[in-house]
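Structural characterization, general
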Amino acid sequence: MTQVKLHGLSKSFAGKEQVNAVQDLNLEIDSGKITALLGPSGCGKTTTLKMIAGLLQPTAGDITFDGKSVLGTPPERRGAAMVFQNYLLFPYMSVGDNVSFGLRMRHMDKELIRKKVAEILELVKLPGYEERRPKQLSGGQQQRVALARALIIEPEVLLLDEPISNLDAHLRDEMRDLILTIQRQTGITTIFVTHDQEEAVVLADRIALMFHGRLQQFDSPNTFYERPASVSIARFFGGVNFLPGVKRGAQVQTALGLLNVNLQEIADGPVVVTIRPENIGLGNDGENAVPGRILSHVYVGTHTRFRVRSGEHEFEIVADAASVERFRDGQTLSLQLSRDRIWLVTPED
Ligand code: ADP
Ligand code: MG
């Protein structure tokens, strides 16, 4: 198992206007785990992955595998294999030849190659597909061929560019399970790129969130929901309620009154109170209860979603499915913003 570290990694592209695609990226990627590089389109994810693979040279900084710089090592000798977003299979070659490409380059014995190809096609759930051509396969199958081609060289580091985003909804779970199974079986250090926070959350042990080429937060998936480092991060993960206020000690003065908050490392002064829709106690009294009036609701089967007005503020609240029968539109009731569910972040301009 290999530990990958990025040290002040930067990449700029020269042109009419210089693009600083990746800026001063420092990351310690867990060995033998799955790490997601997450962020909106154009934030530098693919560029980072290509630098790790050795397909792009950084402008500044270093990349180490188990403490040793790999910048001078060509891609095929880094022990990293990359699966591209658009698969990049050789269209004129059979599936078997596509998969065995890396081994044939290494001049491995033909019979051994045949055996390994069969094994790896079994692993990606395409047994007996050796003779097919890529164009005879669905997108999901082509992607599994690309995965097999990467895995057959037994890399130490597996790099996947948007492995799930291009697939139809019903194939996503399948691919996700396959990646998880293979990763847990082989223990291979896996880094994958995605712009979809849900995909990162379900697949990754840790998520590195990037905006504009810069690392914003590197944490376990649940931390992004419970303790986002900024308003933008909370917004990217979606669904959060924001309430501006002014913090003094363990209290925040807001337009809805004074809220008690838990001790948190954030300076007194202007703050934004964040609370997730599923964490507001609809109809609950007690500490930090504020009055509200239900504006509308949507029943979604597994839960019910409410819009509730409180003063000048509107909250998005997610409650259990049965609450559709307990509450009605127009009803006034109290909302509890429990201090254990509140997270404060610094305002952004
Ligand atoms: P992501 O994968 O997060 O969508 P990329 O890493 O592909 O983003 O690109 C990051 C930024 O670098 C974008 O602004 C993109 O247009 C730019 N970029 C990527 N590759 C090149 C290139 N070869 N030449 C010039 N600009 C590039
Ligand atoms: Mg990309």
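Summarised in this report is the structure supplied together with it. Because the structure is predicted, anything quoted here is derived from the model rather than measured.

Reading the values: rules and limits
Residues numbered from 1 in each chain as written. Chains lettered and ligands numbered in written order. Predicted model: local features only at pLDDT ≥ 70, side-chain atom pairs only at ≥ 80, totals over all residues. Heavy atoms only, no water. Helix = DSSP H or I, 4+ residues; strand = E, 2+ residues; numbered from the N terminus. Buried < 20%, exposed > 50% of the residue type's maximum accessible area, 1.4 Å probe, protein only. Contact = heavy atoms within 4.5 Å. Areas by Shrake-Rupley, 256 points an atom, 1.4 Å probe, with all protein chains shown as cover. Lys, Arg positive; Asp, Glu negative; His and termini not counted. Charge placed at Lys NZ, Arg CZ, Asp CG, Glu CD. Near = heavy atom within 4 Å. Polar contact = N/O pair within 3.5 Å; in protein donor to acceptor, adjacent residues only side chain to side chain. Nonpolar A, V, L, I, M, F, W, Y, C, P; charged D, E, K, R; others polar. Pairing = 2+ DSSP bridges. Axes fitted to C-alpha atoms, helices over the stretch in contact; angles between N-to-C directions. Parallel < 35°, antiparallel > 145°, perpendicular 65-115°, else oblique. Left-handed = near helix turned anticlockwise from the far one by under 90°. Core = buried A, V, L, I, M, F, W, Y, C linked by side-chain atoms within 4.5 Å. Salt bridge = Lys/Arg side-chain N within 4 Å of Asp/Glu carboxyl O. Phe/Tyr/Trp six-rings, centres within 6.5 Å; stacked < 30°, edge-to-face > 60°. Lys NZ or Arg CZ within 6 Å of the ring centre and 35° of its normal. Expected span 1.5 Å × (residues − 1).

1. A closer look at the overall build of the chain
A tally of regular secondary structure across the chain gives nine helices and 20 strands. Considering the chain as a whole, with its 349 residues, one finds that 48% of them fall into the buried category. At a minimum sequence separation of 6, the contacts of the chain that also span at least 24 residues come to 65%. By element, 48% of the accessible surface of the chain is carried by carbon and sulfur atoms, the whole surface being about 17,100 Å². Counting 39 positive and 42 negative side-chain charges, the chain places the averaged centre of each group 4 Å from the other.

2. Observations regarding the site of ligand 1
Taken together, F13, V19, A21, P40, S41, G42, C43, G44, K45, T46 and T47 make up the full set of residues adjacent to ligand 1. At a separation of 2.7 Å, an oxygen atom of ligand 1 approaches a polar backbone atom of G42. Residue T46 places a side-chain N or O atom 2.8 Å away from an oxygen atom belonging to ligand 1. For ligand 1, the protein covers 58% of the area, taking 560 Å² as the surface of the free molecule. At the level of secondary structure, the elements contributing two or more residues to the shell around ligand 1 comprise strand 2 (19–29) and helix 1 (45–53). Sorting elements by how many residues they give to the shell around ligand 1 places helix 1 first, with three residues. Of the residues contributing to the shell around ligand 1, the split by class is five nonpolar, five polar and one charged.

3. Quick word on helix 2 (residues 95–105)
Listed as buried for helix 2 are V95, G96, N98, V99, S100, G102 and L103. Where the residues of helix 2 are buried, they touch helix 3 (110–123) and helix 4 (139–151).

4. Regarding the sheet that holds strand 1 (residues 4–13)
Spatial ordering of the open sheet is given by 2-1-4-5, a layout of four strands whose pairing is antiparallel. This sheet does not close on itself; its edge strands, each paired only once, are strand 2 and strand 5 (68–69). With seven bridges connecting them, strand 1 and strand 2 associate as antiparallel partners. Along strand 2, the bridge assignment pairs S12 with N20.

5. Looking at the packing of helix 4 against helix 5 (residues 169–186)
At a minimum axis separation of 11 Å, helix 4 and helix 5 run at an interaxial angle of 10°. In this view, helix 4 runs roughly parallel relative to helix 5, as classed from their interaxial angle. Of the two possible hands of crossing, helix 4 and helix 5 adopt the one that is right-handed. For the pair helix 4 and helix 5, the contacting residues are G140, Q143, R144, L147 and L151 in the first and L171, E174, M175, L178 and I182 in the second.

6. Here we look at the nonpolar core
V99, L121, V124, L147, L151 and I207 are the most contacted members of the largest nonpolar core, which totals 45 residues. Here this core gets six residues from one element, more than from any other, and that element is helix 4. Excluding anything up to four places from it in sequence, L151 contacts I120, L123, V124, L158, I182 and I188. Of all hydrophobic cores here, the second largest spans 27 residues; its members include I29, L49, I52 and F218.

7. Let's talk about the pattern of salt bridges
Applying the stated criterion to the full structure yields 17 salt bridges. A salt bridge links D173 to R176, with the nearest nitrogen and oxygen atoms 3.5 Å apart. Taken together, the positions of D173 and R176, both in helix 5 and three residues apart, correspond to about one turn of that helix. Among the residues examined, D173 registers a relative accessible area of 44% and is labelled partly exposed. Salt-bridge contacts for E278 lead to R276; the nearest nitrogen and oxygen are separated by 2.9 Å. Look at E278 and you get partly exposed, because its relative accessible area is 43%.

8. Overview of the packing of aromatic side chains
Under the criterion given, the structure shown has seven aromatic pairs. A ring pair is formed by F90 and F101, whose centres lie 4.8 Å apart and whose planes are at 50°; its orientation type is tilted. Highlighted residues: F90 in the loop between strand 6 (80–83) and helix 2 and F101 in helix 2, separated in sequence by eleven residues. In this structure an aromatic cluster arises from ring pairing among F211, F224, Y225, F236 and F237. Looking at R149, its charged tip hangs above the ring of F90, at a distance of 5.4 Å from the centre.

9. Concerning helix 4
Compared with an ideal rise of 1.5 Å per residue, which puts 13 residues at 18 Å, helix 4 spans 18 Å between its outermost C-alpha atoms and is within 8% of the ideal. Burial of helix 4 is extensive: eleven of the 13 residues sit out of reach of the surface. Within helix 4, the full set of buried residues consists of G140, Q141, Q143, R144, V145, A146, L147, A148, R149, A150 and L151. Buried residues belonging to helix 4 abut strand 6, helix 2, helix 3, strand 7 (157–161) and helix 5.

That is the geometry; function is a separate question.
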